Protein chains: 2
Amino acid sequence: MNIESPSPIAWRFSERAGQLQSSFIREILKITQQPQIISFAGGLPSPATFPVDAMKAAFDKVLSTAGKTALQYGPTDGYPPLRQWIAEMLSKDGATIVPEQVLMVSGSQQALDLLGKVLIDEGSRVLVETPSYLGALQAFSVYRPEFKSVLTDDHGLVPSSIAAVAEGARLLYALPNFQNPTGRTLSTARRVELVETCAGLGLPLIEDDPYGALSYKGDPLPKMVAMNPAGVIYMGSFSKVLTPGIRLGYVVAPLPLARCLERAKQAADLHTAQLTQMVVHEVIKDGFLDHHIPTIRELYGNQCQVMLDAMAEHFPASATWTRPEGGMFIWATLPPHIDAMELLDAAIKENVAFVPGAPFYANAPETNTLRLSFVTVPPERIRHGIAVLGKLIAARM
Amino acid sequence: MNIESPSPIAWRFSERAGQLQSSFIREILKITQQPQIISFAGGLPSPATFPVDAMKAAFDKVLSTAGKTALQYGPTDGYPPLRQWIAEMLSKDGATIVPEQVLMVSGSQQALDLLGKVLIDEGSRVLVETPSYLGALQAFSVYRPEFKSVLTDDHGLVPSSIAAVAEGARLLYALPNFQNPTGRTLSTARRVELVETCAGLGLPLIEDDPYGALSYKGDPLPKMVAMNPAGVIYMGSFSKVLTPGIRLGYVVAPLPLARCLERAKQAADLHTAQLTQMVVHEVIKDGFLDHHIPTIRELYGNQCQVMLDAMAEHFPASATWTRPEGGMFIWATLPPHIDAMELLDAAIKENVAFVPGAPFYANAPETNTLRLSFVTVPPERIRHGIAVLGKLIAARM
């Protein structure tokens, strides 16, 4: 039986829904998934690094030995042995992180949403890097903050620029290791200065660290959460060191905030899949990541070098770009008159794609910037794609 | 290196964070997980019904044949074959539901959060049943609506009571099948009247249907979404027919709303685990649920009857209770002077637990009500637990 609708619904969405825009990057990805496109646009890790066999064995073991528990509702804060593992891993740098500080989430994007939900009121000031991670800008935007951009240079965020915009700020969001989108790393001296500055201001500092383990050479720099666990909120993820499609991340927060986030998580989706958490713990508990992560570093490091070499050969002298020591991205800055959005249109016609830099700016965008990812493209295609881009840029000089 | 904090953070949470309270039910569950407690408090399905072997085989097959895809990031709206399956299943009642209307979510709790996020502004009027599902009240509360309670009786929600509170309302939330907490079912005549009333008012109607397949006898009643797909938002879940710990549900919405929900989902957690969706599709695609669901119905139906018989024997004549024809809950109403919260304290001392009814009311609570779940307790313990409750109630007459 069908009902006639005398008054079809005139949809009235919330004011916050007006902030929701489809990610420009995900729109580009739809275009660039055709096989003939050489895509430097993706933010996806390389599937070549996914430990399918180890995951399969772990699913089998967990379902065989604890299937009924794994498939039942679980605690909102997460699977206790995995929270313990994370607390111990983060306590290696000298600070003491307790499992009660750890909240398991469905990928770190959810941590951003929950942090925005409990920390941001309409009009609240939120400090972000210039440029910043697009997913964070999107997640926070829903709660309608006033974004203030903090200066960055080749050593990352400039702590001395914070004071001028800090008044009333609810949080500062930073991505210190191999930043998305720039690939830049915050130096150790700057980390100390940043943590001291935020501590002096009583300003919560979010340390988002999805790529920290992916350094191509040398040891990772010290984590800021270890310098001041009472003032730093740490976000981690299994997406880049294991696999992203399972949606598993975590946020580590000072206790008053951790409990508030837990309640927000409960209202948002009760808890993250128990089975997934048990399987990941099964995979990593005996040191699997110690030999797995180096294979990711080697793959990405080699392809990064191929791209850097190709850029040196094909990009004009007036362009500059970052030289990442880890992670997944290179950031290029072209002469100011070149519009990366127009360049993208031309590049797609020649079957090459990248992400223009403008969407990564919370405020005034630099339209002559672009983000290049090298992790899913084989060396030969990296060389060809960069040559195409170099030719297109040269034609605009 | 540790940093001294001259200004420890004085946490300032958002106004919406003030709405977040830990679920009273989950707090009770923590107390009642000791094995000596006979708990009628749970809202958990019985693990005896979880198809562990089928899930294990499906994980193995999906990871063996499409592991790299399953473990990669996926589309925000969900795994296309599963969305297709859901659209076809919902199109069997005569209406046409297209896959573009289906958004996969991390359990239906997430659908409630996303609906609240895009439909509710501070102070927006939201209509709910009396009593209503606690998880919905929690999810919507975050967005600070004004709840208005709509009358219910033994046949469910009373449509004629809507007009008096409908002015400016953003949505009406209803749970027509074997409602949580009352176990009541909305009659077919009432469904038609409800859909017509909402259509006449241009009022979006949310049909939350986690238990619809769990009817003990007879066919399910017609779905309201099939009567008016342009005005009804349908929520479904695999938690009660397959397993809850994987966190997989879906929301089916008219297209303008579906696209808005998709953008909200993207900002909230990018997408629900691709692997989980592929595995569930693998399990159900060839009719598994057709023979699995009857086994759940039989188990729950038998235990429901055991509880109803025990209540008839042990509860005083002045108490009344619902006689569910499906689902997981019985709702009891005691003489008005008996406070179910006080009764719970006494019951826990005798190792029996239930959920007092008060938290399920958006506005004026009826403190002499309680919710009893029979699905995870074996018959002998149901009889004993109900006898204990009957004695405690009699002592208060």
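Not measured: the values here are computed from a predicted model.

Within chain A one finds 12 helices and 15 strands. Computed over C-alpha atoms, the radius of gyration of chain A comes to 22 Å, within 12% of the 21 Å expected from 2.2 N^0.38 for 397 residues, which places it in the range of a compact globule. In terms of overall dimensions, chain A has C-alpha extents of about 65 × 60 × 55 Å along its principal axes. Sequence-distant contacts, at least 24 apart, represent 76% of the contacts inside chain A between residues at least 6 apart. By element, 52% of the accessible surface of chain A is carried by carbon and sulfur atoms, the whole surface being about 13,900 Å². Computed over 33 positive and 38 negative side-chain charges, the inter-centroid distance for chain A is 3 Å.

All names here are of chain A. Where helix α11 (residues 340-349) contacts helix α12 (residues 379-394), the axes come no closer than 10 Å and their chain directions differ by 130 degrees. Classified by the angle their axes make, α11 and α12 are oblique. Both α11 and α12 take part in a crossing whose hand is right-handed. Across from L343, A346 and A347 in α11, the residues of α12 making contact are L389, L392 and I393.

Turning to the interface of chain B and chain A, a few remarks are in order. In this assembly, 97 residues from chain B lie in contact with 97 residues from chain A. Counting the contacts that link chain B with chain A gives two salt bridges. Measuring nitrogen to oxygen at the nearest pair gives 2.8 Å for the salt bridge that ties K117(A) to D113(B). The interface formed by chain B and chain A includes 40 residue pairs in polar contact (both at pLDDT 80 or more). Listed by contribution, the elements that provide at least two residues to the side of chain B that touches chain A are α2 (52-70), α4 (108-119), α5 (134-141), α6 (188-201), α7 (224-227), α8 (255-269) and α9 (274-284) of chain B. Here the side of chain B that touches chain A gets 10 residues from one element, more than from any other, and that element is α2(B). A breakdown of the residues in the side of chain B that touches chain A according to their chemical character gives 50 nonpolar, 30 polar and 17 charged.

A separate point is the sheet that holds strand β2 (residues 102-105) of chain B. Residue and element names in this part refer to chain B. Here seven strands make up an open sheet; going across it, the order is β2-β10-β9-β8-β7-β3-β4 and the pairing mixed. Pairing within the sheet leaves two strands with one partner each, and these edge strands are β2 and β4 (146-150). The sheet shows a mean angle of 20 degrees between the axes of neighbouring strands, direction not considered. Judged from the four bridges that link them, strand β9 (residues 232-237) and strand β10 (residues 249-252) form a sheet pairing that is antiparallel. Residue pairing for β10: Y234 is matched across the bridge by V252.

Below, the discussion takes up α2(B). Along an α-helix, residues three or four apart share an orientation, since each turn contains 3.6 residues. With 19 residues, α2(B) ought to run about 27 Å at 1.5 Å a step, yet its terminal C-alpha atoms sit only 20 Å apart, falling short of that. When the local axis directions of α2(B) are compared, the greatest deviation, roughly 70 degrees, occurs at S64(B). Turning to α2(B), its buried residues are V52(B), M55(B), A58(B), F59(B), V62(B), L63(B), G67(B) and A70(B). Where α2(B) is buried, its residues touch α2 (52-70) and α9 (274-284) of chain A together with α9 of chain B.

This part takes up the pattern of salt bridges. Residues and elements named next belong to chain A. Inspection of the entire model under this criterion finds 33 salt bridges over all chains. K265 is the salt-bridge partner of D269, the closest N and O atoms lying 3.0 Å from each other. Highlighted residues: D269 and K265, both in helix α8 (residues 255-269), separated by four residues, approximately one helical turn. Across the pair E350 and K391 runs a salt bridge whose closest N-O atoms are separated by 3.5 Å. Highlighted residues: E350 in the loop between α11 and β13 (352-353) and K391 in helix α12, separated in sequence by 41 residues. Shared partners join several salt bridges into a network, and the residues in it are K61, E282, K285 and D286.

Turning our attention to the relation of the copies chain B and chain A. The transformation that overlays chain B on chain A combines an axial shift of 0.0 Å with a rotation of 180 degrees, and the residual RMSD is 0.0 Å. Seen this way, the second copy is the image of the first under a two-fold rotation axis. Here 100% of the contact residues of chain B are again contact residues in chain A; the copies associate through an equivalent surface.

All names here are of chain B. Counted under the stated rule, the structure contains 17 aromatic pairs over all chains. With 5.9 Å between their ring centres and 85 degrees between their planes, Y211 and F329 make a pair best called edge-to-face. Highlighted residues: Y211 in the loop between β8 (205-208) and α7 and F329 in strand β12 (residues 329-333), separated in sequence by 118 residues. Given the relative accessible area of 4%, Y211 is considered buried. Measuring from ring centre to ring centre gives 5.7 Å for F315 and W321, while their planes differ by 85 degrees; the resulting arrangement is edge-to-face. An identical accessibility class is assigned to F315 and W321; each is buried.

Let us look at the sheet that holds strand β11 (residues 320-321) of chain B. Residues and elements named next belong to chain B. Read from one edge of the open sheet, four strands run β11-β12-β15-β14, paired in antiparallel fashion. Across the chains shown, the open sheet's two edge strands, defined by having one partner strand only, are β11 and β14 (355-356). Relative to strand β15 (residues 369-373), β14 runs antiparallel, the two being bridged by two bridges. The partner of V355 across the bridge, within β15, is R371.

To continue, consider the UniProt feature "domain: Aminotransferase class I/classII large" (unreviewed entry) in chain A. Within this structure's numbering, the places UniProt gives as "domain: Aminotransferase class I/classII large" (unreviewed entry) are residues 51-388 of chain A. Segment residues 51-388 of chain A splits into 42% helix and 16% strand. End C-alpha atoms: 34 Å apart.

Residue and element names in this part refer to chain A. Relative to strand β4 (residues 146-150), strand β3 (residues 125-129) runs parallel, the two sharing five bridges. Directly across from R125, in β4, lies its bridge partner E146. Note on the crossover from β3 through helix α5 (residues 134-141) to β4: the handedness is right-handed.

Rules used in this analysis
- Residues numbered from 1 in each chain as written.
- Chains lettered and ligands numbered in written order.
- Predicted model: local features only at pLDDT ≥ 70, side-chain atom pairs only at ≥ 80, totals over all residues.
- Heavy atoms only, no water.
- Helix = DSSP H or I, 4+ residues; strand = E, 2+ residues; numbered from the N terminus.
- Rg over C-alpha atoms; globule rule 2.2 N^0.38 Å.
- Contact = heavy atoms within 4.5 Å.
- Areas by Shrake-Rupley, 256 points an atom, 1.4 Å probe, with all protein chains shown as cover.
- Lys, Arg positive; Asp, Glu negative; His and termini not counted.
- Charge placed at Lys NZ, Arg CZ, Asp CG, Glu CD.
- Axes fitted to C-alpha atoms, helices over the stretch in contact; angles between N-to-C directions.
- Parallel < 35°, antiparallel > 145°, perpendicular 65-115°, else oblique.
- Left-handed = near helix turned anticlockwise from the far one by under 90°.
- Salt bridge = Lys/Arg side-chain N within 4 Å of Asp/Glu carboxyl O.
- Polar contact = N/O pair within 3.5 Å; in protein donor to acceptor, adjacent residues only side chain to side chain.
- Nonpolar A, V, L, I, M, F, W, Y, C, P; charged D, E, K, R; others polar.
- Pairing = 2+ DSSP bridges.
- Expected span 1.5 Å × (residues − 1).
- Bend = angle between axes of the 7 residues up to and from the residue.
- Buried < 20%, exposed > 50% of the residue type's maximum accessible area, 1.4 Å probe, protein only.
- Least-squares fit on C-alpha atoms with pLDDT ≥ 70 in both.
- Phe/Tyr/Trp six-rings, centres within 6.5 Å; stacked < 30°, edge-to-face > 60°.
- UniProt positions renumbered as here; feature names shortened; annotations may be inferred.
- Right-handed = clockwise from strand over helix to strand, strands pointing away.

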